[in-house]
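Summary of structural features
The primary structure of each chain is shown beneath.
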Amino acid sequence: MPDGQSDDTQGQIPTNLRLLLLLEQVAKEGVPVSPGALASALGLPKPTVHRLLTTAESEGFLQRDVDGRSYGPGHRLRRLAANTLSSQRVRTERLMIMKALAERVGETCNLAAPGRYGMVYLDRVETHWPLRIEMKVGMQVPFHCTASGKMYLSSLRKDKLQRFLGVIDLETRTKNTLSTAETLLADIEAIRSKGYAMDDQEFMDGMGAIAVAVRDNEKRLVTTLSIHAPLQRLDLAGLEAWYPALSEARDQLENIIELEDAPS
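1. Section: the environment of Asp 123
Here Asp 123 shows up in strand β4 (residues 119-125). For the pair Asp 123 and Arg 91, spaced 32 residues apart in sequence, the C-alpha to C-alpha distance is 8.6 Å. For Asp 123, the side chain forms a polar contact with the side chain of Arg 94, separated by 2.5 Å.

2. Overview of helix α7 (residues 147-154)
Three- or four-residue spacings in an α-helix give side chains the same orientation, since the helix completes a turn every 3.6 residues. Burial of α7 is extensive: 8 of the 8 residues sit out of reach of the surface. Along α7, the residues that are buried comprise Ala 147, Ser 148, Gly 149, Lys 150, Met 151, Tyr 152, Leu 153 and Ser 154.

3. Some points on the packing of aromatic side chains
Applying the stated criterion to the full structure yields 3 aromatic pairs. With 4.6 Å between their ring centres and 35 degrees between their planes, Tyr 196 and Tyr 243 make a pair best called tilted. Taken together, the residues span a long stretch of sequence, with Tyr 196 in the loop between α9 (181-194) and β6 (197-200) and Tyr 243 in helix α11 (residues 243-261) at a distance of 47 residues. A residue is classified by how much of its surface remains accessible, and Tyr 196, at 10% relative accessible area, is buried. For Tyr 243, a relative accessible area of 22% gives the class partly exposed. What links up through ring pairs into an aromatic cluster is the set Phe 143, Tyr 152 and Phe 164.

4. Considering the pattern of salt bridges
All chains considered together, the criterion is met by 16 salt bridges. For the salt bridge of Arg 94 with Asp 123, the shortest nitrogen-to-oxygen distance reads 2.5 Å. Residue Arg 94 is found in helix α6 (residues 88-105), and its partner Asp 123 is found in strand β4; the two are separated by 29 residues along the sequence. By relative accessible area, Arg 94 is classed as buried at 5%. Here Asp 123 falls in the buried class, since its relative accessible area comes to 0%. Where Arg 157 meets Asp 159, a salt bridge forms, and the shortest distance between an N and an O atom there is 2.9 Å. Note on Asp 159: relative accessible area 37%, which makes it partly exposed. Counted as one network, the salt bridges with shared partners bring together Asp 65, Arg 157, Asp 159 and Arg 163.

5. Some points on the nonpolar core
Of all hydrophobic cores here, the largest spans 27 residues; its most connected members are Phe 143, Tyr 152, Leu 153 and Leu 184. Listing elements by their share of this core, those giving two or more residues are β4, α7, α8 (158-167), α9 and β7 (207-215). Apart from the residues within four sequence positions on either side, Tyr 152 is in contact with Pro 114, Met 119, Phe 143, Lys 160 and Leu 221. Counting residues in each nonpolar core, the second largest holds 26 residues, with Ile 210, Leu 234, Leu 246 and Ile 256 among its members.

6. Some details on α9
Along its 14 residues, α9 runs 20 Å from first to last C-alpha, staying within 8% of the 20 Å computed at 1.5 Å per residue. Where α9 is concerned, the buried positions are Leu 184, Asp 187, Ile 188 and Ile 191. What you see down the axis of α9 is that its buried residues fit within an arc of 105 degrees, all on one side. Seen from the open side of α9, the exposed residues pointing more than 90 degrees away from its buried face are Glu 182 and Ser 193. Close packing links the buried residues of α9 with α7, α8 and β6.

7. Focus on unusual backbone geometry
Its identity as a non-glycine residue notwithstanding, Gln 201 has a phi of 55 degrees, on the positive side. Along the chain, Gln 201 turns up in the loop between β6 and β7. In the Ramachandran plot, Lys 219 falls in the positive-phi region, its phi being about 65 degrees despite a non-glycine side chain. Note on placement: Lys 219 falls in the loop between β7 and β8 (221-230).

How each quantity is defined
- Residues numbered from 1 in each chain as written.
- Predicted model: local features only at pLDDT ≥ 70, side-chain atom pairs only at ≥ 80, totals over all residues.
- Heavy atoms only, no water.
- Helix = DSSP H or I, 4+ residues; strand = E, 2+ residues; numbered from the N terminus.
- Polar contact = N/O pair within 3.5 Å; in protein donor to acceptor, adjacent residues only side chain to side chain.
- Buried < 20%, exposed > 50% of the residue type's maximum accessible area, 1.4 Å probe, protein only.
- Phe/Tyr/Trp six-rings, centres within 6.5 Å; stacked < 30°, edge-to-face > 60°.
- Salt bridge = Lys/Arg side-chain N within 4 Å of Asp/Glu carboxyl O.
- Core = buried A, V, L, I, M, F, W, Y, C linked by side-chain atoms within 4.5 Å.
- Contact = heavy atoms within 4.5 Å.
- Expected span 1.5 Å × (residues − 1).
- Arc of directions from axis to C-beta.

Keep in mind that these numbers describe shape and distance, not what the molecule does.
Right, here's the structure in full:
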């Protein structure tokens, strides 16, 4: 049956909605998804899905996974998600939670989301101390040597994590950087067990951090919430002692996400 005829008779999805629903399905899957799986999920012919994928990829809304066949969010779709998370009402509530945590701990709090090459800072509340570590909103930091990045890596399925480690550059930033797949995997297993990630001067000498995952109502990592500090003021044990407070703030952030996802 010709593609155009199939479009009219299968799925009954208006033409101007097909690309949006395809992007929504890719985001919903949470892992790279094949054209065949998308065709089945949307009830559209495979030629139509391939055409939509080509358009979305060329415009930067989707990108191919390392297997060359499946697709995941591209830089423009990730930016759209970040901008949505930064809508004024949501951002105001988010910053109130982060400000309360920063005042309680006395150190800088950060919210970061996974980008294509690292974690991107979406929001931060600075400490009042004159000695602080500057990490501006919009800055991208590596996955493998930051608490937020390792927290994200721990959320990946084991098969995807293995593929990811096959292509990621484990650049040595300090003498503490976990720059081999074996040492990084061991740390990731510990993170999965504990529920939080630590940075022991792996990204920057003299800096430590702790991070937790902020998840949506389907338990997928959306962002990470972290605290970082100069170790001369708050050592790793001190950072780890603030895990309950960090976890409490994370739960509050997840409640905002659940409210946003709830039907009106």
